[in-house]
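Below are the chains, spelled out letter by letter.
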Amino acid sequence: MKTEDLLAMGNESLFNTYKRDEKLFISGKGAYLKNNNDEVYIDFVSGIATNILGHANDKIVEAISKQAAKLMHTSNLFWNQPAIELSHKLVNSTGAGSLAKVFFTNSGAEANEGALKLARKYGKDTHGDGCTKIISLTDSFHGRTMATLTATGQTDMHEYFKPLLPGSVYVPLNDSEALKSAADAKTCAVLFETIQGEGGINTLSSEFIATLKSLQQEKDILLIIDEVQTGMGRTGTLFSFEQFGFKPDIITLAKGLGAGYPIGAFVATDAVADHFKSGDHGTTLGGNPLAAAVGNAVFDEIFQADLLNNSNIRGQQLADGLRQIAKNTGVIAEVKGLGLLIGVQFTDAVSSADILNACFEENMLVAGAKHNVIRLLPPLNVTETEIDEALLKFASAVEKSLK
Ligand SMILES: *Cc1c(COP(=O)(O)O)cnc(C)c1O
């Protein structure tokens, strides 16, 4: 079938919720993708910060093949060996701190949804029926289900779907005074990212973190960290909160945890997790043997291949190269982020949408974000030469869009 016929079929029978133009990829290996015309692209989108081991990784292919041939799904009515093993790895990893129990899901939204339910149960059990209020931050992104859309602090996304979940308030990022006045006796939790991904690579200030910690200690307000994008080594530590000097009550994971296969999780301290009793929450497919087998392979590879270190070293190389491009072109206001979660903030002189298209012309895939930011999200096993190649392409894209 001709590509144009295939895409016409897609336009006919799939929802028009995504703007994909003519982009169709057929295969991939490592940091590279091949399209329907056999053209090769360097992939710094990685399925939106997801394919942390690159495309067609041998370990993932092997884990999927072996587990699929053995046992794919039994439901959570029964024990499941790969899930038990993966839960232990997550809670016993250096840096997990007092996080002790894992609930597996299929996606990031489902992980956040579960975390919000758990926070409400905790609030009601501990501080009475009215303790259900959730605080989140402006420019945050937490998912597309009703509860996570409500928690997402981007009003343009809310417009058509009101009424939202009652008891949700938004505080501007890094505004400690607003946070303090929003946090009352009816507040059960604050949900936030340490570095906002979709929102433009915006990082929490240390002062704001100190305020969050004081609310946690003095008012028993739970800190839920959405590590869906920042987790699993993306920022140079397994979980990003390790670098921010506080202990979460709940974290949520997805994206990198399955490296391209759907799996998510929320992980909580015993004191919080114990409030979910038998029947309080569930999922049919979440963390099934196949998904958990992939999670185990991903987790092991992060440590065997020293990917946390690679994330830091290659992240530094990428950020340094981008700062050089900033100097040479004068249209980049800031290069920000941690590890391999990097945002390039453009000045008003250029639009990041044009840069994204110019990168595509150079056979390089990048992701957009709010506030005129381009996100660079290579796989965590990206090599020095691949970063060099990407920097050349990016420089050329920025220079061309100046003309
Ligand atoms: C992608 C993302 C989500 C939603 O994950 P899905 O798997 O798409 O449901 C939630 N939070 C953050 C921070 C994300 O980046």
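Residues numbered from 1 in each chain as written. Predicted model: local features only at pLDDT ≥ 70, side-chain atom pairs only at ≥ 80, totals over all residues. Heavy atoms only, no water.

1. As for the pattern of salt bridges
Note the following rule: One speaks of a salt bridge when a side-chain nitrogen belonging to Lys or Arg is within 4 Å of a carboxyl oxygen belonging to Asp or Glu. Helix and strand assignments follow DSSP, with helices taken as H or I runs no shorter than four residues and strands as E runs no shorter than two, numbered in order from the N terminus. Throughout, exposure labels follow a simple rule: accessible area from a 1.4 Å probe, protein chains only, divided by the maximum for the residue type, with under 20% read as buried, over 50% as exposed, and the rest as partly exposed.
Per the counting criterion, the structure on display carries 14 salt bridges. Residues Lys-101 and Asp-270 are paired through a salt bridge, measuring 2.6 Å at the closest nitrogen-oxygen approach. Note that Lys-101 is positioned in strand S4 (residues 99–105) and Asp-270 in helix H10 (residues 270–273), a separation of 169 residues in sequence. The partner of Asp-139 in a salt bridge is Lys-370, and the shortest N-O contact between them spans 2.9 Å. In this pair, Asp-139 is assigned in the loop between strand S5 (133–137) and helix H6 (146–151) and Lys-370 in the loop between strand S16 (367–369) and strand S17 (373–376), connecting sequence segments 231 residues apart. For Asp-139, a relative accessible area of 16% translates into the label buried. Relative accessible area serves as the criterion here: at 26%, Lys-370 is assigned to the partly exposed category. When salt bridges that share partners are traced, they join Lys-19, Asp-21 and Lys-23 into one network.

2. Here we look at the UniProt feature "modified residue: N6-(pyridoxal phosphate)lysine" (unreviewed entry) in the protein chain
Our working definition: UniProt positions are given in the numbering used here, feature names are shortened, and annotations may be inferred rather than shown by experiment. In this analysis, two residues are considered to be in contact whenever any of their non-hydrogen atoms come within 4.5 Å of each other.
Within the UniProt annotation, "modified residue: N6-(pyridoxal phosphate)lysine" (unreviewed entry) is assigned to Lys-255. With respect to the secondary-structure elements, Lys-255 resides in the loop between strand S11 (250–253) and strand S12 (264–269). Every residue in contact with Lys-255, bar those within four places of it in the chain, is listed here: Ile-48, Ala-49, Thr-50, Glu-198, Val-228, Gln-229, Gly-260 and Ile-263.

3. Describing the site of the ligand
Quick note on the threshold: Working definition: residue near molecule or strand if any one of its non-hydrogen atoms lies within 4 Å of it. Nitrogen and oxygen atoms within 3.5 Å of one another constitute a polar contact, given that in protein one can donate a hydrogen and the other can accept it, and given that sequence-neighbouring residues count only through two side-chain atoms. Surface exposure here means Shrake-Rupley accessible area, sampled with a 1.4 Å probe, where a residue is shielded only by the protein chains that are shown. Just so you know the grouping, Ala, Val, Leu, Ile, Met, Phe, Trp, Tyr, Cys and Pro go in nonpolar, Asp, Glu, Lys and Arg go in charged, and all remaining residues, Gly too, go in polar.
Around the ligand, the surrounding shell consists of Ser-107, Gly-108, Ala-109, Asn-112, Phe-141, His-142, Glu-193, Asp-226, Val-228, Gln-229 and Lys-255. In this structure, an oxygen atom belonging to the ligand sits 2.7 Å away from a main-chain N or O atom of Ala-109. Measuring from a nitrogen atom of the ligand, one finds a backbone N or O atom of Phe-141 at 3.2 Å. With the chains in place, 81% of the 380 Å² that the ligand exposes on its own is no longer accessible. Among the elements that line the shell around the ligand, the one with the most residues is helix H5 (residues 108–127), at 3 residues. When its residues are assigned to classes, the shell around the ligand shows 3 nonpolar, 5 polar and 3 charged.

4. Quick look at the UniProt feature "binding site: N(2)-acetyl-L-ornithine" (unreviewed entry) in the protein chain
As a reminder, the rule being used: Lining residues are those with an atom within 4 Å of a point, where the points come from a 1 Å grid over the protein atoms alone and group into cavities, where a 1.4 Å probe fits but cannot get out, or pockets, open sets with protein on both sides within 12 Å along at least five of seven lines.
The UniProt feature table records "binding site: N(2)-acetyl-L-ornithine" (unreviewed entry) at Arg-144 and Thr-283. When the annotated set is filtered for residues lining the second largest pocket, what remains is Thr-283. Looking at where Arg-144 falls in the secondary structure, it is placed in the loop between S5 and H6. The residue Thr-283 is located in the loop between H10 and helix H11 (289–304) in this model. Among all residues touching Thr-283, those that are not within four sequence positions of it are Asn-76, Phe-103, Phe-104, Asn-106 and Glu-110. Only 3.4 Å separates the side chain of Thr-283 from the side chain of Asn-106, close enough to count as a polar contact.

5. Details of the nonpolar core
Convention followed: Throughout this description, the term nonpolar core refers to a set of buried Ala, Val, Leu, Ile, Met, Phe, Trp, Tyr and Cys residues connected via side-chain atoms within 4.5 Å. These domain limits were set by an automatic method or by a database of domain assignments.
Among the nonpolar cores identified, the biggest contains 90 residues, and Met-232, Leu-322, Phe-346, Leu-376 and Phe-394 are the most heavily contacted of them. Of the residues that make up this core, three or more belong to each of domain 1 (59–304) and domain 2 (318–373). Residue contacts for Met-232: discarding those within four places in its chain leaves Ile-52, Leu-90, Leu-238, Phe-239, Leu-253, Gly-256, Leu-257, Phe-299, Ile-302 and Leu-380.

6. Considerations on the sheet that holds S12
Note the cut-off: Note on pairing: two strands pair once DSSP finds at least 2 bridges between them. Helix axes are fitted only over the stretch in contact, all axes being lines through C-alpha atoms; the angle between N-to-C directions runs from 0 to 180 degrees.
With mixed pairing, 7 strands are arranged side by side in an open sheet as S4-S12-S11-S10-S7-S5-S6. Looking at strand neighbours, the two that pair on one side only are S4 and strand S6 (168–171), the edges of this open sheet. On average, each strand axis in the sheet is inclined to that of its neighbour by 20 degrees, with strand direction left out of account. Bridge count between S11 and S12: 4 bridges; the pairing is antiparallel. Within S12, the residue paired with Thr-252 across the bridge is Phe-266. Sheet strands touched by helix H9 (residues 206–219): S5, S6, strand S7 (187–192) and strand S10 (222–226). Its angle to S10, the strand with the most contacts, is close to 135 degrees.

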